[in-house]
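# Structural overview for review
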Amino acid sequence: MYAARRFAVRHARFFERLYNRFEALMVALDPLFARLGYDRLERPVAFIERAIKGFLFDCKMCGQCVLSSTGMACPMNCPKNLRNGPCGGVREDGSCEVRPEMRCVWLEAWEGAARMPRGLERIAIVQPPVDRALAGSSSWLRVAREKAAERRRAMAPPEPTAVSPPERARSTLAKAFRRARRLAPSAAPLAAEPEAALADQAVEETTSVFESPTRQPPHQESGEGRGGENGGGEDRRAKHRGASAP
Amino acid sequence: MIAIQTPEPFDPIADGPLEPPPGHHSGSRLERVLRRGWFAVTAELNPPDSADPRDVLKAAEPLKDVADAINATDASGANCHMSSMGICSLLSRVGYGVVLQISCRDRNRIAIQGDVLGAAAMGVGSILCLTGDGVGVGDQPGAKPVFDFDSVSLLRTIRTMRDDGTFLSGRRLSSPPRVFLGAAENPCVPPLEWRAQRLAKKVRAGADFIQTNYVFDLARFRAFMARVRDLGLHEKVFILAGVGPLTSARAARWMRTNVPGVHIPDAVIARIEGARDQTEEGKRLAIELIQEMREIEGVAGVHVMAYRREHLVHEIVAESGILDERLNHAAETRVAPENLSS
Ligand code: SF4
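Since we're looking at a predicted model, the values are computed, not measured. (Residues numbered from 1 in each chain as written. Chains lettered and ligands numbered in written order. Predicted model: local features only at pLDDT ≥ 70, side-chain atom pairs only at ≥ 80, totals over all residues. Heavy atoms only, no water.)

### Things to note about the overall build of chain A
Quick reminder of the rule: Put simply, DSSP marks the helices as runs of H or I at least four residues long and the strands as runs of E at least two long, and each gets a number from the N terminus on. By definition, residues are in contact when any of their heavy atoms lie within 4.5 Å. Only the protein chains shown count as cover for residues, with accessible areas throughout obtained via the Shrake-Rupley method and a probe of 1.4 Å.
When you go through chain A residue by residue, the secondary structure sums to 11 helices and zero strands. Element order for chain A, N to C, with α for helix and β for strand: α-α-α-α-α-α-α-α-α-α-α. A sequence separation of at least 24 residues applies to 64% of the contacts in chain A between residues at least 6 apart. Only carbon and sulfur atoms are counted for the fraction: they give 58% of the accessible area of chain A, which is about 12000 Å².

Here it is, written out as structure tokens:
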């Protein structure tokens, strides 16, 4: 419902707090869910989730909820399904390029994020592409299961086993979109945290939100600079500025 | 004659994949020019509605002396034309620097990752990652909008392919695509106060250069650039400001209402309307904009877009004097102008 959805964004702070509590409850219920069987619960829980989130946020049940990273505005309401910020077509009055009768979802999202304690940090996270195979599934159950599993892993790391192709795909996604995994677990690809991603995360977490740890392709380590203008990889602007002015 | 396009014909079979110079991501001319600190010029090519390769060469001809790279649009405005891939393959063979444009509107992740490899194999050194206009504004409004990626996840995906050497599925690439990665930004449309943050996100996702949409509102652009500098982004990414000639006040009004993402202030339209020769005034305005943009700290070049007016691009770039620095350098060091960009 459009009115409810705009209300939710205006009260993003409240809804986020509510959501955090709810998430903790769901994670605590993991043993119960496991006993009842997650598969058996999937349909009834997804039904309830659809009804509640559908009313509040116009939720589209993508199965990888990112509301906490998008100011409590559901990005799947963007006609282009953008998960990482607005397109370049937002109209002068703030309405959507594709559906002018609606305000751009990302204007709502940024306003909502500004009202949330860590909202602006979270909206800056690079979100992975949506896993369309999860459409229609309950992201509540997913968070409960994933977070509980993560906790168990933290206590007793599992024995390494052979990696199946889907698992490898998810690990690659989890590594490529590192912070999404850490800060909004339900939005990130289903996969155990790859070792390399954990190491990288530490770097990314400590740098400012706007820092991008410069990653250089391996082949750049070698080789001599070209007349001093293409030195090391880190500060390339200094390099290209310094070399300018003939 | 200003020759800044070195003819570097590329034969994909004889030459193999383009090797980047040390410290570069790609073998692209645009990257070399930018890293060298020259004020770069890119220009948009209007793709033909034709299957004849000579039509592509004809369209590129007026741009060859003034652009470091030519952008081949990917069905911009959701209108069907020859594909960016086809155009870039042809142009790189005869020696042009090219920018392949990929919009998320028409292809899913399977098609796009395959295209990235195909493009790199055909000599494409730069790729611009775009969201794409909605299908409704184009000539095929009944089409299925895909939007499997958004421009940011697309950037991160290609960066993963390039730097980690894998598809998004984790499968290894035996030869990763060496490409210079670009993204778009629109500094003049809402949410104005967050546009720089959105740019930051694109930089974090992997953008090496930015080409902006049309800028006709210098005040907005300056405010945007001030935010960009506050975030230190101008030191992490090369920003090319978008400019283009308005041909008449009527055309300007039409663009403003019909082309997504175009913001033209009333004062600009009034100025064009008041001129005796509106086309000439539009050209003058573009030249003035380029000269002003050049003075803004953090602007690394311009991206000239002139829909169906490629001949004007040559005049605009030549008269704006932005290439003089390179020409003087050439004269002083007695380097033949055509060797400048290498
Ligand atoms: S204007 Fe906003 S809601 Fe509309 S397509 Fe663009 S980003 Fe999505």
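From this point, the discussion proceeds with the structure in view.
### A word on the confidence of the model for chain B
All names here are of chain B. Basically, it comes down to this: Think of pLDDT as the predictor's per-residue confidence, scored from 0 to 100.
Per-chain confidence: chain B averages 92 in pLDDT, with 95% of residues scoring 70 or above. Residue range residues 335–342 is modelled with pLDDT below 50. Its contacts to residues more than four positions away, or to other chains, number 20 contacts. Here the predicted complex scores 0.88 on pTM and 0.90 on ipTM.

### Comments concerning the site of the ligand
Rules: Here a residue is near a molecule or strand as soon as one of its heavy atoms is found within 4 Å of it. Under the scheme applied, nonpolar residues are Ala, Val, Leu, Ile, Met, Phe, Trp, Tyr, Cys and Pro; charged residues are Asp, Glu, Lys and Arg; polar residues are all the others, including Gly.
Within the structure, the ligand sits among 13 residues, and C78(A), C87(A), C96(A), E97(A) and C104(A) are positioned closest to it. Partitioning the shell around the ligand into residue classes produces 11 nonpolar, no polar and two charged.

### Side note on the pairing of strand β1 (residues 40–45) of chain B
Residues and elements named next belong to chain B. In plain terms, the rule: Each residue is assigned to one of three classes by its accessible area relative to the maximum for its type, calculated with a 1.4 Å probe on protein chains only: buried under 20%, partly exposed between the two thresholds, exposed over 50%. A pair of strands is treated as paired once DSSP finds two or more bridges between them.
For β1, a buried count of six out of six residues is recorded, marking the element as mostly surrounded by other parts of the structure. Note that β1 and strand β8 (residues 299–304) share four bridges and pair parallel. Paired with V41 across the strands is V302, a residue of β8. With four bridges connecting them, β1 and strand β2 (residues 69–72) associate as parallel partners. Within the sheet, the bridge partner assigned to A43 lies in β2 and is I70.

### So, helix α10 (residues 266–274) of chain B
For the α-helix, the turn length of 3.6 residues means that residues three or four positions removed from each other point alike. All names here are of chain B. Stated precisely, the cut-off is as follows: When we speak of the arc, we mean the arc of directions from the helix axis to the C-beta atoms.
Looking only at α10, the buried set comprises V268, I269 and I272. Take α10 and look down its axis: the buried residues cluster within an arc of 95°, on one side only. Away from its buried face by more than 90 degrees, α10 exposes D266, A267 and G274. Check the buried side of α10 and you find it contacts α9 (249–258) and α11 (278–294).

### Brief notes about the environment of A249(B)
Residues and elements named next belong to chain B. Considering the arrangement of structural elements, one finds A249 in helix α9. You can call A249 buried: its relative accessible area is 2%. The residues touching A249, leaving out its near neighbours within four places in the chain, are I269, I272, E273 and Q278.

### Digging into unusual backbone geometry
Negative phi is the rule for most residues except glycine; trans is the rule for most peptide bonds. Between P190(B) and P191(B) the backbone carries a cis peptide bond, its omega angle lying at -10°. For P191(B), the position within the fold is in the loop between β5 (180–185) and α7 (195–205). Of note in this structure, M61(A) is not a glycine but carries a positive phi near 55°. For M61(A), a relative accessible area of 3% corresponds to the buried category.

### Some thoughts on the nonpolar core
For clarity, the cut-off: Residues belong to one nonpolar core when they are buried, are Ala, Val, Leu, Ile, Met, Phe, Trp, Tyr or Cys, and are joined through side-chain atoms within 4.5 Å.
The biggest cluster of nonpolar side chains holds 95 residues, and the ones touching the most others in it are I127(B), I158(B), F221(B), L246(B), I264(B), M293(B) and V302(B). V302(B) has contacts with F39(B), A40(B), V41(B), T42(B), L240(B), A241(B), V243(B), I290(B), M293(B) and I322(B), leaving out every residue within four places of it along the chain. By size, the runner-up hydrophobic cluster in this structure holds 22 residues, among which are F15(A), Y38(A), V45(A) and M116(A).

### Observations concerning the side chain of N71(B)
Residue and element names in this part refer to chain B. With respect to the element layout, N71 can be found in strand β2. Classification of N71 as buried rests on a relative accessible area of 0%. Those residues within four positions of N71 in sequence are excluded, and the remaining contacts are T42, A43, E44, L45, V99, Q101, L128, Q211 and H303.

### Digging into the sheet that holds strand β4 (residues 126–130) of chain B
Residue and element names in this part refer to chain B. Put simply, the test is: Note on geometry: axes are C-alpha line fits, over the in-contact stretch for helices, and angles between N-to-C directions span 0 to 180 degrees.
Pairing in this closed barrel of eight strands is parallel, and the strands run β1-β2-β3-β4-β5-β6-β7-β8 around the ring. The mean angle between the axes of side-by-side strands here comes to 25°, regardless of whether they run parallel or antiparallel. The pairing of β2 with strand β3 (residues 98–103) spans three bridges and is classified as parallel. Paired with A72 across the bridge in β3 is L100. In this fold helix α4 (residues 84–94) packs onto β1, β2 and β3, with an angle of close to 170° to the strand it touches most, β3.

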